[in-house]
Amino acid sequence: MTPGELTDHEFSDVARDMRARGEPFAIATVIRTLGATAAKPGAKALLDAEGTILQGWIGGGCVRGALAKATKRAMAEGAPQFISLHPQDLLDEKGIAPGAEVDGVSFARNGCPSKGSMDIFVELILPLPELLVFGDAPVAKSLSRLAAQFQWSIAEGDGDTSVRALSDGETRMIVVATQGKNDLACLKVALNAESSFVAFVGSRRKFATLSEKLIGQGVSQSALSRVQAPAGLSIGAVTPDEIALSILAQLTEVRRRKQRTEADGA
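Residues numbered from 1 in each chain as written. Predicted model: local features only at pLDDT ≥ 70, side-chain atom pairs only at ≥ 80, totals over all residues. Heavy atoms only, no water.

## Here we look at the overall build of the protein
Part 1 of the reasoning: Secondary structure summary: the protein contains eight helices and 12 strands in total.
Part 2 of the reasoning: The C-alpha radius of gyration computed for the protein amounts to 24 Å, which surpasses the reference 18 Å derived for 266 residues by more than 25%, pointing to a less compact arrangement than a globule.
Part 3 of the reasoning: Along the first, second and third principal axes, the C-alpha set of the protein runs to 75 × 40 × 35 Å.
Part 4 of the reasoning: When each of the 266 residues of the protein is scored for burial, the buried share is 42%.
Part 5 of the reasoning: If you sum the accessible surface of the protein, you get close to 14000 Å²; carbon and sulfur atoms cover 52% of it.
Part 6 of the reasoning: Computed over 29 positive and 31 negative side-chain charges, the inter-centroid distance for the protein is 3 Å. (Helix = DSSP H or I, 4+ residues; strand = E, 2+ residues; numbered from the N terminus. Rg over C-alpha atoms; globule rule 2.2 N^0.38 Å. Buried < 20%, exposed > 50% of the residue type's maximum accessible area, 1.4 Å probe, protein only. Areas by Shrake-Rupley, 256 points an atom, 1.4 Å probe, with all protein chains shown as cover. Lys, Arg positive; Asp, Glu negative; His and termini not counted. Charge placed at Lys NZ, Arg CZ, Asp CG, Glu CD.)

## Quick look at the nonpolar core
Generally speaking, soluble globular proteins have nonpolar side chains that are buried together.
Part 1 of the reasoning: If you look at the biggest cluster of nonpolar residues, it comprises 21 residues, and the most contacted ones within it are Ala 28, Val 30, Ile 58, Leu 67, Ile 120 and Val 122.
Part 2 of the reasoning: Looking at this core, the elements with two or more residues in it are β1 (25-34), β2 (44-47), α2 (61-77), β4 (81-86) and β7 (117-125).
Part 3 of the reasoning: Ranked by the residues each element gives to this core, the list is headed by α2, at five residues.
Part 4 of the reasoning: For Ile 58, the residues in contact, after removing those within four places along its chain, are Ala 28, Thr 29, Val 30, Ala 39, Ala 43, Ala 45, Ile 53, Val 63, Leu 67, Met 118 and Ile 120. (Core = buried A, V, L, I, M, F, W, Y, C linked by side-chain atoms within 4.5 Å. Contact = heavy atoms within 4.5 Å.)

## Focus on the sheet that holds β4
Part 1 of the reasoning: The strand order β3-β2-β1-β7-β4-β6-β5 describes an open sheet built from seven strands, whose pairing is mixed. Unpaired on one side and paired on the other, β3 (53-56) and β5 (101-102) mark the two borders of the sheet.
Part 2 of the reasoning: When β1 meets β7, the two strands line up antiparallel, connected through nine bridges. Each residue of the ladder has a partner; that of Ala 26, found in β7, is Leu 124.
Part 3 of the reasoning: Contacts between helix α1 (residues 8-20) and the sheet are confined to β1, β2, β3 and β7, with β3 contributing the most and set at about 145° to the helix.
Part 4 of the reasoning: Across the face of the sheet, α2 comes into contact with β1, β2, β3, β4, β6 (105-109) and β7 while running at roughly 160° to β4. (Pairing = 2+ DSSP bridges. Axes fitted to C-alpha atoms, helices over the stretch in contact; angles between N-to-C directions.)

## With respect to the pattern of salt bridges
Part 1 of the reasoning: Counting across every chain of the model gives 10 salt bridges.
Part 2 of the reasoning: Of the charged contacts in the structure, one is a salt bridge between Glu 23 and Arg 21, with a shortest N-O distance of 2.9 Å.
Part 3 of the reasoning: According to the relative accessible area criterion, Glu 23 is partly exposed, its value standing at 29%.
Part 4 of the reasoning: Arg 257 is the salt-bridge partner of Glu 253, the closest N and O atoms lying 2.6 Å from each other. With Glu 253 and Arg 257 both in helix α8 (residues 240-265), this residue pair falls four residues apart, about one helical turn.
Part 5 of the reasoning: The partly exposed category is assigned to Glu 253, whose relative accessible area is 30%.
Part 6 of the reasoning: What makes Arg 257 partly exposed here is its relative accessible area of 42%. (Salt bridge = Lys/Arg side-chain N within 4 Å of Asp/Glu carboxyl O.)

As structure tokens, then:
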């Protein structure tokens, strides 16, 4: 597909479909060119996790190999990439070997006869984290409503729910806010589902009582130790909306913890 054939509508349709399927993807944008290049600044392409172009146009085969590698690296590192393609003689002048990274820029060789240079920014688009909320009590409803405003994909569950498996790049956190309605069944479903965090809305005493019953039903102590009970940060919350806010604050802290750890170690 050439730039003239690409429309914003087609591009956004593919991105929306990838979002709906919970699949990570990347958007590559040409930001600078020097010399003769097929693609010009502003050219874009949407790529899947393997670096295959699904929509858009960013140049010929001379570019696609380096772009695929950069996309896979972005997926592995969870971070955007900046790649700079140059003909071999220009890389030699700079004293930079193909594949080297200098000041956050990954250099690659452009083997096209045109011998142009091109800088490309690869932006990583990960699926929204899923928040699975069990229960229909006021806290559960308030949490679902509030979290949707902060870039969470909201799902609802109950004791009969069959929780789908996560695809690559997806994450999930679970809050059991049943508050006396089908607590045991919902906790069992939550503990058996893939997730990075599980919280229970209720007192420590209530959770301890439920834990004893779950252990009697074959649930391990190690599984129960994963559950944050009571859910939420200690902010003196009283109303359902305040309790939901305290839970969302805790979920946000967990969600961003990995990013902060990576930044501190950089």
